[in-house]
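Summary of structural features
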Amino acid sequence: MISSHSRFYRYASPALQEELLSFTSRLRGMVTARGAMARTARAIERSQWLAPAQWQALQLESMRQLALHAGRRVPYYRELFAEYGIDPARWTSLDDLCEVPVLTKGEVIAAGERLLAEGGPWLRFKGSTSGTTGRAMSGWRDRRAIAFEQAFVQRQAHWAGYRHGERRAWLRGEPVVPARQSDGQLWRMNRADNMLMLSSYHLTPKNGAAYIEALERFDPVMIQAYPSSVSYLARWLEEHDRGYRGASLRGIVTSSETLSPADRQIIAGRFGCGVFDWYGAFERVAAIGTCEHGHYHVMEDYGCVEFEANGDGTANLIATGFGNRCMPFLRYRADDRVVLADPAFACPCGRSFRVVERVLGRVDDTIRTPDGRHVVMLDWIFSGLFGLVEAQVVQERLDEVCIRIVAGPDFGNRDEQALLLRARERLGEQVIIRIERVAQIARTRSGKFRQIVSRLSGSDESNV
Ligand SMILES: [Zn+2]
């Protein structure tokens with residue numbers, strides 16, 4: 001493994017690290033099914049302009065094809081369809097999909113490889129969620145599924161004004177700069193992708209100027225970032241009463257965390273461009289993107305999304321993605337919720353895809369370190385630890401962090417050591433890290449699970 005998560009990368013020289021980043025990108029490019037990606041890209045360039053009746057017809061046909069494939073090739077669905085007497089060939093409207101019972105995360109974990117399509121393709125990639133909000137879940141994708149996903153991510157980048165090959169900056173949690181490096185060049189250039197990759201783990205008040213100058217010098221057309229990382233820089237600009245001065249920036253694409261309206265406003269104001277927030281689920285069942293007018297559109301050509309209303313203006317997503325035939329999920333209930341918009345709203349961008357007001361996900365604190373860093377998105381330290389039932393990081397003091405874990409029977413000492421090592425890598429040497437095994441992790445008063453809890457003064461406890 002030569003990715004930025006590897007030990008080899010961590011101890012390489014900055015020049016070699018840049019070569020490794022480019023090499024990894026080229027390798028990824030070779031694995032991607034380019035033909036499939038180009039076909040999807042062409043198709044969805046057109047389908048974004050379809051009228052409701054047309055995209056609904058497209059959804060019905062895509063659902064039928066996917067379900068027929070699942071019924072033939074996927075053991076889980078073969079048995080389910082036999083048990084319920086389901087024949088997708090008979091479906092004549094989207095209402096008929098309700099014949100298929102809703103699929104939950106627990107059912108996916110229990111079904112395991114029975115959800116995998118038989119008969120290939122042989123080249124498949126396994127991903128997994130972290131076990132922080134429940135048990136870890138594995139997902140499999142083939143090259144076509146990856147190409148499908150990338151075509152949609154690329155279309156979102158187009159909406160933000162970016163064209164393939166142009167300069168872009170990346171501030172999204174890859175550990176491109178090792179934790180032990182505290183100053184100097186806190187970014188690496190990925191020449192294969194014409195992309196400046198900046199560390200999300202070295203954002204401190206002291207380093208703010210260097211980050212902004214590096215961005216202005218490179219002058220990207222688009223910045224892809226975690227909301228928490230780019231809003232940190234926007235707040236730094238505000239504190240220093242200045243704006244971003246890069247001339248080429250057309251848009252900032254955020255994803256993977258919840259973007260608050262306040263953060264969106266300050267990012268757009270200080271960077272002087274539109275903020276395009278993207279939602280995609282690990283399970284690859286739904287995608288929601290932001291158009292040029294700032295509205296969240298459900299990507300109706302990506303999958304079929306049903307809103308399960310909660311009665312308070314929010315809705316759960318029950319969704320089927322069309323892209324993954326090697327592990328198809330039909331009517332999967334995703335973890336995230338949306339705030340519904342007025343169904344009669346017609347977006348001035350001209351697309352008829354349904355609009356939601358906001359996407360709600362987790363609302364978390366950040367961990368602060370004695371050297372002034374703000375650490376977010378600790379998901380990676382938990383990924384692939386399958387014995388872990390749940391985990392939460394609690395900060396009581398500036399130099400002490402407690403990782404509370406609910407461990408299943410498979411979680412052994414080696415897993416605990418791996419967790420400790422990864423946390424050390426993220427948080428640095430100055431923080432005391434304790435692991436505490438607990439029977440359960442309490443929810444907030446509103447029933448939410450929080451991955452990070454900070455008890456330091458000045459932390460926002462309003463969402464508890
Ligand atoms: Zn729009």
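Because the structure is a prediction, the values reported are computed rather than measured. (Residues numbered from 1 in each chain as written. Predicted model: local features only at pLDDT ≥ 70, side-chain atom pairs only at ≥ 80, totals over all residues. Heavy atoms only, no water.)

Pairing in this open sheet of 4 strands is mixed, and the strands run 19-18-17-20 from one edge to the other. Each edge of the open sheet carries a strand with a single partner, namely strand 19 (432-437) and strand 20 (452-454). Recorded for the sheet is a direction-independent mean angle of 20° between the axes of neighbouring strands. Note that strand 18 (residues 400-407) and strand 19 share 6 bridges and pair parallel. Its bridge partner being in strand 19, Cys402 is matched across the sheet by Arg434. Strands in contact with helix 12 (residues 413-427) are strand 18 and strand 19; relative to strand 19, the strand with the most contacts, it is inclined by about 145°. (Pairing = 2+ DSSP bridges. Helix = DSSP H or I, 4+ residues; strand = E, 2+ residues; numbered from the N terminus. Axes fitted to C-alpha atoms, helices over the stretch in contact; angles between N-to-C directions. Contact = heavy atoms within 4.5 Å.)

Here we take up the side chain of Asp219. With respect to the element layout, Asp219 can be found in the loop between helix 8 (208-218) and strand 6 (222-225). On the basis of relative accessibility, which here comes to 15%, the residue Asp219 falls in the buried class. Residues contacting Asp219, with those up to four places away along its chain left out, are Arg167, Tyr244, Gly246, Ala247, Ser248 and Leu249. (Buried < 20%, exposed > 50% of the residue type's maximum accessible area, 1.4 Å probe, protein only.)

A cluster of basic residues, Arg39, Arg42, Arg46, Arg72, Arg144 and Arg325, forms a positive patch at the surface. Per element, the largest residue contribution to the positive patch is 3 residues, and it comes from helix 3 (residues 34-47). Structurally, Arg325 is set in the loop between strand 12 (314-321) and strand 13 (332-340). (Patch = residues over 30% accessible without salt bridge, like charges linked within 9 Å, V, L, I, M, F, W, Y side chains within 5 Å. Areas by Shrake-Rupley, 256 points an atom, 1.4 Å probe, with all protein chains shown as cover. Salt bridge = Lys/Arg side-chain N within 4 Å of Asp/Glu carboxyl O. Lys, Arg positive; Asp, Glu negative; His and termini not counted. Charge placed at Lys NZ, Arg CZ, Asp CG, Glu CD.)

Our focus in this paragraph is the coordination of the zinc ion. Angles at a metal have ideal values that depend on geometry: 109.5 degrees with four tetrahedral donors, 90 or 180 degrees with six octahedral donors. Donor atoms from the polypeptide that coordinate the zinc ion comprise Cys291 (SG), His297 (NE2), Cys347 (SG) and Cys349 (SG), at 2.1 to 2.3 Å from the metal. One can describe the site at the zinc ion as tetrahedral: its 4 donor atoms subtend angles covering 104 to 117° at the metal. Between the donor residues of the zinc ion, the gaps in sequence give the motif C-x5-H-x49-C-x1-C. Residue His297 is located in strand 10 (residues 296-298), and its partner Cys349 is located in the loop between strand 13 and strand 14 (355-360); the two are separated by 52 residues in the primary sequence. Looking at His297, the relative accessible area reads 0%, which means it is buried. Here Cys349 falls in the buried class, since its relative accessible area comes to 12%. (Donors = N, O, S within 2.8 Å, 3.2 Å for Na, K, Ca; no water. Tetrahedral: all angles 85-135°; square planar, octahedral: opposite > 155°, others 65-115°.)

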